[in-house]
Amino acid sequence: MPPPPPGPTAFQFFRHYLGRCIRETGQMFDRVGLRGEAASGSWKSNKATRIMSSSDPSKIDSLNWAAHQEPWLFDTPLSRHRTMMPVFRAGQPRISTDEPTMSVVEGTTPFIAPCSTLVGDVTVHQGASIWYGAVIRGDTHIKKEKIGLDKESDEEVHIGVVIGEGTNVQDNAIISGCPYTGLGVRIGKGVTVGHSASIVGATVGDNVLVGMGSTISAGAVVESGSFLAAGTVVRGGQVVKSGELWAGQPARKLKDLTEKQKKQLFYQADEYVKLSQRHAHTMELGGEEDEEVLRMNGVDVGDVKTIDDGKK
Amino acid sequence: MQNLSHSLLSKVPNTLRSLSRQTKRFMGGGGVEPVGVVPRERNVKVGRAIKETGLAAKVAGGEEVFSVRRPLMPLLGSTPVLSNDTFIAPSATVIGDVTLYDYTSIWYSSVLLGDYNSIKLGGMSNVQDRCVISTIPKLTTGFPSTVTLGNYVSVGPNSVLTSCTIGDNVIIGEGTVIGSGSVISSNVILEPGTIVPEYSFIPGDQKWGGNPASYIEDLSEHATDDIQGHAKQVQLLAEDHFEEYLPYGNAYRHLEEVVEGEIGEGKV
């Protein structure tokens, strides 16, 4: 296990809270300004609404969102969800730049779906894919003595979440550190975490297949090359040995995997690396190949490009 | 002009459909309406019909690209009530008649749906990631089909709770399903993956688990303190997350930036 990163210093604390104060004060002034603008009726001259009254109707595209809103702009129901969110005390999600060791992963990028959530100290290695609606939280903290680092001090450290290379975390899955015990999550290479599975404070080895809706509780260990059937509930303290098939609630061993089945564990993760690359390219709107797809579906590619440029 | 007329024409069927649907609903064409709530429902329907028609006419030129989902949403006149220190994740959804007491936290992607009846979360309780708490219209026992969680209740990730009553100091493991009409007493621990069938009762000071839920063991005297400690730890974590968000959203500034970009390029 790599040593956990050091926590924020006193100066960083000071800077963080000072910045927060300034931001809140600024937002207050902003709101006062918007209220005043709305009261005087001049909100109609707002830039967003000016587009609506533009003489050229072809310019009225998706931006007319502002037109059917209330004048209180700070009350916007625009979603505040961010895919990657830092937590000050724990750190921020990051994509590892380590050289990949798996042949499938070479030349790929991690795919992180826009509606998934990565919070706190989460490390995503090359070729990993986080699918739609998944929640990954690495914000828990644990006393140093509990992990055998520093027996003298009472300090707390963060052990975040590590997603190994070529691992796929499928839709609606939850991976989080255990909020009660503070244990982090380590997931090895080429693991498939099925739909709606939840892994809380557990360690998972390489090339494991975690079936759909499975639950792995805090303190459990799943060793490399094992298979958890759909709906398995592994309790804390249970150890799933290498090359075994487990199922049920509470989980128990069903049988050993054959050589053929062990090979299939590799196949699944490899396919997901390829599939994730296709999704990653589609998310970057405006790619040449994707423009064709959009045209075929009747989307005006020109509009899409404009919005993309505007964001920059 | 050609462009606008084209897009307008393409939207006309949608608008008409919405109009006819609203009219049908208003005239009471779709099923039997419950007795007690007719006036309010009807008011809401009229307002909704007008709003939707206006909206359809206004967005006829294009489509929304921004996600306008909100963490807090009023439904049929009842708005969620929460305290100043409640943490609601931006991707969580709290709808309708929901009351959240002090120090509660609703974590990422969970859904609290107070549509048929009310939901109440006691102090220091937390609903962790991707939980669903919802209500059903009516219980066969005749008791109100509300969801009531006491103080110091930790609902683990991926759990589903429908119309149940839960006492104080309870830990609900991850992936637990609690059926409607169930009553869970105070000082209870439910193992991960427990399935509590409908209309079941779990007595206090015990640990239950399995599918269907069965008795495992009695809890020790110190269990209550541990359960409360766990709930407090989650609350401390929630405070860390709470600090990351300003009191109001800044998303509209992003919209302004997009618009300014458009103007800067001379497209307007």
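None of these values were measured; they are calculated from a predicted model. (Residues numbered from 1 in each chain as written. Chains lettered and ligands numbered in written order. Predicted model: local features only at pLDDT ≥ 70, side-chain atom pairs only at ≥ 80, totals over all residues. Heavy atoms only, no water.)

### Comments concerning the overall build of chain A
Secondary structure summary: chain A contains five helices and 24 strands in total. When the 312 residues of chain A are sorted by exposure, 47% land in the buried category. By sequence separation, contacts in chain A at least 24 residues apart represent 42% of the contacts at least 6 residues apart. (Helix = DSSP H or I, 4+ residues; strand = E, 2+ residues; numbered from the N terminus. Buried < 20%, exposed > 50% of the residue type's maximum accessible area, 1.4 Å probe, protein only. Contact = heavy atoms within 4.5 Å.)

### Remarks on the overall build of chain B
Counting its regular elements, chain B contains four helices and 20 strands. Sorting the 268 residues of chain B into buried and exposed places 46% on the buried side. At a minimum sequence separation of 6, the contacts of chain B that also span at least 24 residues come to 27%.

### Let's talk about the pairing of strand β6 (residues 111-121) of chain B
Residue and element names in this part refer to chain B. With seven bridges connecting them, strand β4 (residues 93-100) and β6 associate as parallel partners. Of the residues in β6, the one forming a bridge with Ile 95 is Leu 113. Two elements, β6 and strand β8 (residues 132-134), share three bridges in a ladder whose sense is parallel. Each bridged residue has a counterpart across the sheet, and for Leu 112 the counterpart in β8 is Ile 133. The pairing of β6 with strand β9 (residues 147-149) spans three bridges and is parallel. (Pairing = 2+ DSSP bridges.)

### Some words on the pairing of strand β4 (residues 117-120) of chain A
Residue and element names in this part refer to chain A. Bridge count for strand β1 (residues 84-85) against β4 is two bridges, and the pairing is parallel. Its bridge partner lying in β4, Met 85 is registered against Val 119. Pairing between β4 and strand β7 (residues 135-138): four bridges, direction parallel. In the sheet register, Val 119 faces β7, and the bridge partner there is Arg 137.

### Quick word on the environment of Arg 94 of chain A
Residue and element names in this part refer to chain A. When you line up the elements, Arg 94 lands in strand β2 (residues 94-95). Separated by 14 residues in the primary sequence, Arg 94 and Arg 80 place their C-alpha atoms 20 Å from one another. If we skip the residues at most four places from it in the chain, Arg 94 touches Asp 121, Val 122, Thr 123 and Val 124. Of note is the side chain of Arg 94, whose polar atom sits 3.2 Å from the side chain of Asp 121. (Polar contact = N/O pair within 3.5 Å; in protein donor to acceptor, adjacent residues only side chain to side chain.)

### Here we look at the nonpolar core
All names here are of chain B. In terms of nonpolar packing, the biggest core is built from 50 residues, with Ile 106, Tyr 108, Leu 112, Leu 161, Ile 166, Ile 178 and Leu 190 touching the most fellow members. Elements supplying a minimum of two residues to this core: β3 (87-88), β4, β6, β9, β10 (153-155), β13 (170-172), β16 (188-190) and α3 (223-243). Tallying contributions element by element places α3 first for this core, with five residues. Sequence-distant contacts of Leu 112, that is, excluding residues within four places in its chain, are made with Thr 93, Val 94, Ile 95, Val 98, Leu 100, Ile 106, Ile 119, Leu 121, Val 127 and Ile 133. (Core = buried A, V, L, I, M, F, W, Y, C linked by side-chain atoms within 4.5 Å.)

### A look at the sheet that holds strand β15 (residues 198-200) of chain A
The strands making up a sheet associate through hydrogen bonds between their backbones, and the pairing can be parallel or antiparallel. All names here are of chain A. Reading across from one edge, β1-β4-β7-β12-β15-β18-β21 is the order of the seven strands in this open sheet, with parallel pairing throughout. The sheet terminates laterally at β1 and β21 (233-234), the two strands that pair on one side only. The sheet contact formed by strand β12 (residues 174-176) and β15 spans three bridges and is parallel. By the bridge assignment, Ile 174 is partnered in β15 with Ser 198.

### Considerations on a nonpolar patch on the surface
All names here are of chain A. There is a patch of nonpolar side chains on the surface, built from Phe 11, Phe 14, Leu 18 and Ile 22 and spanning about 450 Å² of accessible area. Topologically, Phe 14 is positioned in helix α1 (residues 10-39). Phe 14 gets classed as exposed once you look at its relative accessible area, which sits at 53%. (Patch = residues over 30% accessible without salt bridge, like charges linked within 9 Å, V, L, I, M, F, W, Y side chains within 5 Å. Areas by Shrake-Rupley, 256 points an atom, 1.4 Å probe, with all protein chains shown as cover. Salt bridge = Lys/Arg side-chain N within 4 Å of Asp/Glu carboxyl O.)

### Some words on unusual backbone geometry
In the segment running from Gln 249 of chain A into Pro 250 of chain A, the intervening peptide bond is cis, with an omega of 0°. Relative to the assigned elements, Pro 250 of chain A resides in the loop between β23 (244-247) and β24 (252-256). The omega torsion of the bond from Asn 211 of chain B to Pro 212 of chain B falls at -5°, within 30 degrees of zero and hence cis. Structurally, the position occupied by Pro 212 of chain B is in the loop between β19 (206-209) and β20 (214-218).

### Let's talk about the sheet that holds strand β16 (residues 203-204) of chain A
Within the open sheet, the seven strands sit side by side as β2-β5-β10-β13-β16-β19-β22 (chain A). Their pairing is parallel. Unpaired on one side and paired on the other, β2 and β22 (239-240) of chain A mark the two borders of the sheet.

### Details of the confidence of the model for chain A
Residues and elements named next belong to chain A. Across chain A, pLDDT averages 76, with 70% of residues at or above 70. Per-residue pLDDT stays below 50 along residues 41-71; that stretch engages in 57 contacts with residues further than four places along the chain or on separate chains. Scored below 50 in pLDDT, residues 285-289 makes five contacts in the model with residues more than four places away or belonging to other chains. (pLDDT = per-residue confidence, 0-100.)

### Comments concerning the side chain of Ser 145 of chain B
Residue and element names in this part refer to chain B. One can find Ser 145 in the loop between β8 and β9. Separated by 2.8 Å, the side chain of Ser 145 and the backbone oxygen of Ile 136 make a polar contact. Ser 145 has contacts with Asn 117, Thr 135, Ile 136, Pro 137, Lys 138, Leu 139 and Ser 163, leaving out every residue within four places of it along the chain.

### Overview of the packing of aromatic side chains
What describes a pair of aromatic rings is the distance from one ring centre to the other and the angle between the planes of the rings. Under the definition given, this model contains 10 aromatic pairs over all chains. Each ring, one from Trp 131 of chain A and one from Tyr 272 of chain A, has its centre 5.6 Å from the other, and the planes form 90°; the classification is edge-to-face. Separated by 141 residues along the polypeptide, Trp 131 of chain A in the loop between β6 (129-130) and β7 and Tyr 272 of chain A in helix α3 (residues 259-283) bring together distant segments of the chain. For Tyr 272 of chain A, a relative accessible area of 17% corresponds to the buried category. Put simply, the rings of Phe 111, Trp 131, Tyr 132 and Tyr 272 of chain A touch in pairs and so form one group of aromatic residues. Residue placement shows Arg 137 of chain A over the ring face of Trp 107 of chain B; its charged tip is 4.1 Å from the ring centre. The ring of Tyr 101 of chain B has Lys 120 of chain B lying over it, and the distance from NZ or CZ to the ring centre is 5.2 Å. (Phe/Tyr/Trp six-rings, centres within 6.5 Å; stacked < 30°, edge-to-face > 60°. Lys NZ or Arg CZ within 6 Å of the ring centre and 35° of its normal.)

### Looking at the confidence of the model for chain B
All names here are of chain B. With 73% of its residues at a pLDDT of at least 70, chain B reaches an overall mean of 79. Between residues 1-10, whose pLDDT stays under 50, and residues either more than four places distant or in other chains, the model counts six contacts. Segment residues 27-38 is flagged for pLDDT under 50; beyond a separation of four residues in sequence, or across chains, it makes six contacts in the model.

### Quick notes on the pattern of salt bridges
Throughout the structure, instances matching the rule amount to 12 salt bridges over all chains. Arg 20 of chain A is the partner of Glu 24 of chain A in a salt bridge, and the nearest nitrogen-oxygen pair spans 3.0 Å. Note that Glu 24 of chain A and Arg 20 of chain A are positioned in helix α1 at a spacing of four residues, about one turn of the helix. A relative accessible area of 32% places Glu 24 of chain A in the partly exposed class. By relative accessible area, which is 16% here, Arg 20 of chain A ends up buried. Note that Glu 191 of chain B is salt-bridged to Arg 235 of chain A, the shortest N-O span being 2.5 Å.

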